[in-house]
Amino acid sequence: MSADGPGTRSTSAGEFEEKVKELHQRKGRNLAMGGPERIAKQHERGKLTARERIDLLFDPGSFVEFGLLAHQQSMRGNEIDPPEKTPADGVVTGHGLIDGRQVWVIAYDFTVMAGSMGAVGEAFKTSRVRELAMRYRKPIVWLLDSAGARIQEAAGSTFAGSGMLFYDQVQMSGVVPQVSAMLGPCAAGTAYIPGLSDFVPMVKGTSSMSLGGARLVKAATGEDVTDHDMGGSQVHCYESGVGDNEVDNDQECIAQVRRFLSYLPSSNLEPPPWVPTEDPSDRDVEGLDELVPANPRQAYDVRKVIRRIADQGGPAGEGLRPAAGRGDSLHSNSSWFEVKPSWAKNLVVGFCRMAGHAVGVVANQPLFKGGILDVDAADKAARFIRLCDAFNVPLLYLMDVPGFLVGSGVEKEGIIRHGAKMLYATSEATVPKITVVMRKAYGAGYFVMCGKGYYPDLIVAWPFAEISVMGPEGAVNIIFNKVVEAAENPAETRAQLVERIRETISPYVAAGWAMIDDVIDPADTRRVIIQGLEQARDKKVERPWRKHGNIPV
């Protein structure tokens with residue numbers, strides 16, 4: 001009889017060691033992923049493995065894995081397939097720290113059945129990660145390198161029980177930040193993951209996403225196209241706008257994920273992280289007279305303005321560290337982080353820091369299309385404004401807008417619907433909003449860029465700004481066209497009328513009516529913005545109860 005009591009079998013020291021040895025063997029086998037040959041092929045494609053990516057994503061030694069011993073279960077009765085077949089069932093899950101904050105991860109392992117989404121991996125492993133991320137209100141990152149659904153397991157009526165992944169993503173939207181790093185193919189089932197995420201960096205040349213892979217498209221439509229041509233970064237970061245930032249390799253992609261998350265709180269219940277800085281809040285913004293022409297028709301790069309007004313250098317103690325050899329080199333170490341830089345270039349959005357606090361920037365870009373707003377620019381702005389508002393990031397509008405693009409072509413594209421989306425987002429936002437009218441503020445462009453009617457917490461203008469329903473030239477063409485035509489010297493008369501109109505749209509007129517809060521020296525822009533943000537730090541907005549609004553789409 002065992003010393004542990006009747007019917008209890010004692011375990012010898014040898015059996016104990018054997019069981020522990022078996023445990024380590026099983027874990028070691030799954031940690032080896034698809035094996036040396038498949039890992040070598042992954043490297044030959046210029047890609048890191050799922051576990052190498054996780055090592056880069058998290059602070060050293062902080063990753064805790066869930067579900068390492070999972071594997072595909074047989075679809076043939078109760079027979080169990082060998083665990084070697086799908087180590088960890090092709091997806092690595094768990095949590096770790098990014099800059100000391102907990103973040104959850106789902107990393108598809110392309111060395112195991114092309115990272116396909118298996119029943120065990122999806123129904124149990126990744127669903128648990130999504131559940132825990134929501135339970136603890138922590139960000140979630142997908143490292144995507146997957147052929148999509150595992151057809152061997154999904155081709156059948158049991159498919160009727162799938163799809164919870166996307167439902168969960170919708171519930172997480174605006175509650176915790178969601179990031180999809182595109183590190184390889186992402187077809188069919190996995191393609192909606194980035195579509196529902198807050199940030200989607202893509203690796204040039206190796207990543208792609210599409211609702212149907214090349215073989216499926218060939219079978220369904222007869223179109224002969226590659227995954228890359230159909231949905232690579234050149235498509236989604238430049239044309240469709242589904243992708244955000246195009247990067248050169250996996251390492252840069254992971255670095256962008258870490259940086260993006262540094263501007264956001266862990267959930268919508270918290271403020272964004274504050275980072276101490278040695279850059280003075282009252283620093284004059286030098287050189288704007290060299291960057292921004294007073295002539296409203298001349299182009300300039302608004303990103304250079306943003307870099308100069310944003311916090312410079314690293315956190316406190318690192319000082320200002322200018323990096324030579326790059327554009328605008330004196331300010332290339334700015335805290336500015338642009339999102340969607342290659343899509344809808346006539347509008348710039350991104351994050352920076354002001355006095356250590358995260359700020360979301362929406363700025364017209366005169367360098368492209370004169371900064372006019374079109375369908376894509378309105379969509380880009382609306383999406384970013386809502387992201388910032390969801391996660392308590394104050395908004396800074398840098399206005400230099402000639403209005404919305406007009407014409408039969410854009411009307412067919414739905415410019416009214418898309419413009420209304422941006423209008424809706426600006427109206428809906430309850431975070432602190434600061435507006436700086438740098439030059440032009442014409443027509444409905446003034447509205448959507450948070451003009452007076454949209455309750456900015458501070459609205460100021462530079463001394464050569466112009467605020468009007470349209471520019472003086474357009475106003476003369478409409479109001480005084482007959483006067484100009486009848487004049488002895490039409491050109492001279494037109495020029496005189498243009499100057500007369502220009503006097504009426506001066507920022508001093510708006511300031512005289514108290515329709516803007518102040519006209520400021522451009523050199524004071526940083527100080528004024530930071531004062532406005534501090535003024536609105538404890539802002540509270542009460543709105544009538546509603547289930548939700550009906551945003552134009």
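Throughout, a residue's number is its position along its own chain's written sequence, starting from 1. Where totals are concerned, whole chains, interfaces and linings use all residues; where local detail is concerned, this predicted model gives features only for residues with pLDDT of at least 70, and gives and counts side-chain atom pairs only at 80 or more. Excluded from the side-chain calculations are hydrogens and water; all other atoms, namely the structure's heavy atoms, are used.

**As for the confidence of the model for the protein**
- Averaged over the protein, the pLDDT score is 89; the fraction of residues at 70 or greater is 91%.
- A score between 0 and 100, pLDDT records how confident the predictor is in each residue. The contact criterion used throughout is that any non-hydrogen atoms of two residues lie within 4.5 Å. In this model, residues 76–81 is a region of pLDDT below 50 whose contacts with residues beyond four sequence positions or in other chains number 9 contacts.
- With pLDDT under 50 throughout, residues 317–331 is counted as low confidence; its partners more than four residues away or in other chains account for 24 contacts.

**So, the packing of aromatic side chains**
- Here a Phe, Tyr or Trp ring, Trp counted by its six-membered ring, pairs with any other such ring whose centre lies within 6.5 Å, and the pair is stacked when the planes are under 30 degrees apart, edge-to-face when over 60, and tilted otherwise. One pass over the structure, following the stated rule, counts 13 aromatic pairs.
- Plain terms: the ring middles of F166 and Y192 are 5.8 Å apart, the flat faces sit at 75 degrees to each other, and that makes the pair edge-to-face. Of this pair, F166 sits in helix α6 (residues 164–172) while Y192 sits in helix α7 (residues 192–195), and the two are 26 residues apart along the sequence.
- In this structure Y192 comes out as partly exposed when scored by relative accessible area, which is 46%.
- Note on W462 and F464: the rings are 6.0 Å apart at their centroids and 70 degrees apart in plane angle, and the pair reads as edge-to-face.
- The exposure class of W462 is buried, given its relative accessible area of 1%.
- Pairwise contacts between aromatic rings join F199, F260, Y263, F337, F351 and F384 into one cluster.
- Counting as a charge over the ring demands two things of the Lys NZ or Arg CZ atom: a distance within 6 Å of the ring centre and an angle within 35 degrees of the ring normal. Directly above the aromatic system of F110 lies the positively charged group of K47, at a separation of 4.1 Å from the ring centroid. Per the convention used, a helix needs a DSSP run of H or I reaching at least four residues, while a strand needs a run of E reaching at least two, with both numbered from the N terminus. Exposure categories follow from relative accessible area, calculated using a 1.4 Å probe and restricted to protein chains: below 20% of the type maximum is buried, above 50% is exposed, and the middle band is partly exposed.

**Points about the pattern of salt bridges**
- We define a salt bridge as a contact between a side-chain nitrogen of Lys or Arg and a carboxyl oxygen of Asp or Glu at a distance within 4 Å. The full count for this structure, using the stated rule, is 28 salt bridges.
- A salt bridge links E338 to R303, with the shortest nitrogen-to-oxygen separation between them at 3.8 Å. Placement of the pair is E338 in strand β9 (residues 337–339) and R303 in helix α13 (residues 302–309), with a sequence separation of 35 residues.
- Residue classification places E338 among the buried residues on the basis of a relative accessible area of 13%.
- Of the charged contacts, one joins R537 and E534 as a salt bridge, the two residues approaching to 2.9 Å between their closest N and O atoms.

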